[in-house]
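Residue-level listing of the chains:
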Amino acid sequence: MGEGAMETLEHAPLYDTEFVLNGRAITVLWGCCTMFLGILEIVVLLQPTWIVGGEGRGTFGLYEVCEELEWGPECHGPPGPLQALPPFETAAGFMVAALLLVLLSFGCIGLRWFCHSGTIFKLCAWLQLTAAFCQALACLLFPRGWDSSLLRPICGFRLDRYQLGGCSIHWGFILAVLATLDAVVLSVLGFILGKRQDALHPNETKTIKKDISLVLA
């Protein structure tokens, strides 16, 4: 065996240790970002700050319309708790689905102690990718409700579908779009971490595939 091969074997344990430590650090970062994404989803979902009216006439989101009156802002929405405004019920439904998928992906991280890590990462990645798809649909469907008479006191009579009239996009809608991109990035990172775990534990991966093939047979 040559000197180069001997040197490679000597450095292999050190390489494996650094590889595992870096993987753990990235996993912790990925989990924290997933938790932050869930919190961001809740804030974006409930805050009436998706659209702001011209001259400070008010704001609205998926659940509330807030008008600026002489004595201060007054917010109102449907009578039921956590019931979306009628024009935005479909968009709110997709947002809620995205939130639940993100929270489920965060909860699945704990399954790493009981299941193969690579499989769990890939499962979480698929959940986050589906959440990104749902939230993208919510952002695309949100402007379809702009022609509601409920919003004309804030945006004026020029308000129409995909036309804001006297209103403009506010930070809630921008954060919803950014959260969609964040979910896509986290899902891609989840797939990468899953493949990395498969490379670290190839025997476990083969065993899982063999068990699945036996079950299907």
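Under an unreviewed UniProt entry, the protein chain has the name LHFPL tetraspan subfamily member 3 protein isoform X1 and belongs to Xenopus laevis. Per its UniProt entry, the protein chain bears the Subcellular location (unreviewed entry) comment "Membrane".

Chemist: Explain the state of the cysteines here, please?
Modeler: Note on terminology: a disulfide is the covalent bond linking the sulfur atoms of two cysteines. Inspection of the entire model under this criterion finds 2 disulfides. Across the disulfide, C66 is cross-linked to C75 (sulfur-sulfur distance 2.0 Å). On the sign convention where negative means left-handed, the S-S torsion of about 105° between C66 and C75 marks this disulfide as right-handed. On the basis of relative accessibility, which here comes to 7%, the residue C66 falls in the buried class. Overall, C75 belongs to the partly exposed group, its relative accessible area being 39%. Note that C155 is cross-linked by a disulfide to C167, the S-S spacing being 1.7 Å. Looking down the S-S bond of the C155 and C167 bridge, the torsion is -95°, so its handedness is left-handed. One end of the pair, C155, is in helix α4 (residues 152-155); the other, C167, is in strand β5 (residues 167-169), with 12 residues separating them in the sequence.

Chemist: Would you mind going over a nonpolar patch on the surface with me for this structure?
Modeler: Taken together, the side chains of M35, I39, V43, F106 and W171 define a hydrophobic patch exposed on the protein surface, amounting to about 430 Å² of accessible area. Considering every element that reaches the nonpolar patch, the biggest residue donor is helix α1 (residues 3-46), with 3 residues. The partly exposed category is assigned to V43, whose relative accessible area is 34%.

Chemist: What exactly am I supposed to notice about the side chain of Q128 here?
Modeler: Within the fold, Q128 resides in helix α3 (residues 117-141). Residue class for Q128 comes out buried when judged on its relative accessible area of 0%. Setting aside its immediate chain neighbours within four residues, Q128 contacts W30, T34, S105, A183, L186 and S187.

Chemist: Even after reading the chapter, I still don't get the UniProt feature "transmembrane region" (unreviewed entry) in the protein chain, so can you show me in this structure?
Modeler: The feature "transmembrane region" (unreviewed entry), as annotated in UniProt, sits at residues 25-46, 91-111, 123-143 and 169-193 in this numbering. For residues 25-46, helix accounts for 100% and strand for 0%, while the C-alpha atoms at its two ends are 32 Å apart. Between the C-alpha atoms that bound residues 91-111 the distance is 31 Å, and the span itself is 86% helix and 0% strand.

Chemist: What am I meant to see in the side chain of S187 here?
Modeler: Within the element layout of this structure, S187 appears in helix α5 (residues 171-200). For S187, a relative accessible area of 1% gives the class buried. What S187 contacts, discounting residues up to four positions off in sequence, is A125, Q128 and L129.

Chemist: Sorry, what's going on with the packing of aromatic side chains here?
Modeler: Where two aromatic rings form a pair, the distance of their centres and the angle of their planes describe that pair. One pass over the full model with this rule turns up 9 aromatic pairs. With centroids separated by 6.0 Å and ring planes inclined at 5°, the aromatic side chains of F60 and F88 adopt a geometry described as stacked. Linking F60 in strand β2 (residues 58-60) with F88 in the loop between β4 (72-76) and α2 (89-108), this pair joins segments that are 28 residues apart in sequence. For F60, a relative accessible area of 0% translates into the label buried. The rings of W50, F60, F88, F142, W146 and F173 are connected pair by pair, giving a single aromatic cluster.

Chemist: Looking at this model, I keep getting lost on the nonpolar core. Mind explaining?
Modeler: Taken as a class, soluble globular proteins show a tendency for nonpolar side chains to be buried jointly. The biggest cluster of nonpolar side chains holds 46 residues, and the ones touching the most others in it are W50, I51, F60, L62, F88, F142 and W146. Among the secondary structure elements, those contributing two or more residues to this core are α1, α2, α3, α4 and α5. Here this core takes 9 residues from α3, the largest share from any one element. Among all residues touching W146, those that are not within four sequence positions of it are I51, F60, F88, L151, L159, D160, Y162, Q163, L164 and I169.

Cut-offs and rules
Residues numbered from 1 in each chain as written. Predicted model: local features only at pLDDT ≥ 70, side-chain atom pairs only at ≥ 80, totals over all residues. Heavy atoms only, no water. UniProt positions renumbered as here; feature names shortened; annotations may be inferred. Disulfide = S-S within 2.5 Å. Buried < 20%, exposed > 50% of the residue type's maximum accessible area, 1.4 Å probe, protein only. Helix = DSSP H or I, 4+ residues; strand = E, 2+ residues; numbered from the N terminus. Patch = residues over 30% accessible without salt bridge, like charges linked within 9 Å, V, L, I, M, F, W, Y side chains within 5 Å. Areas by Shrake-Rupley, 256 points an atom, 1.4 Å probe, with all protein chains shown as cover. Salt bridge = Lys/Arg side-chain N within 4 Å of Asp/Glu carboxyl O. Contact = heavy atoms within 4.5 Å. Phe/Tyr/Trp six-rings, centres within 6.5 Å; stacked < 30°, edge-to-face > 60°. Core = buried A, V, L, I, M, F, W, Y, C linked by side-chain atoms within 4.5 Å.

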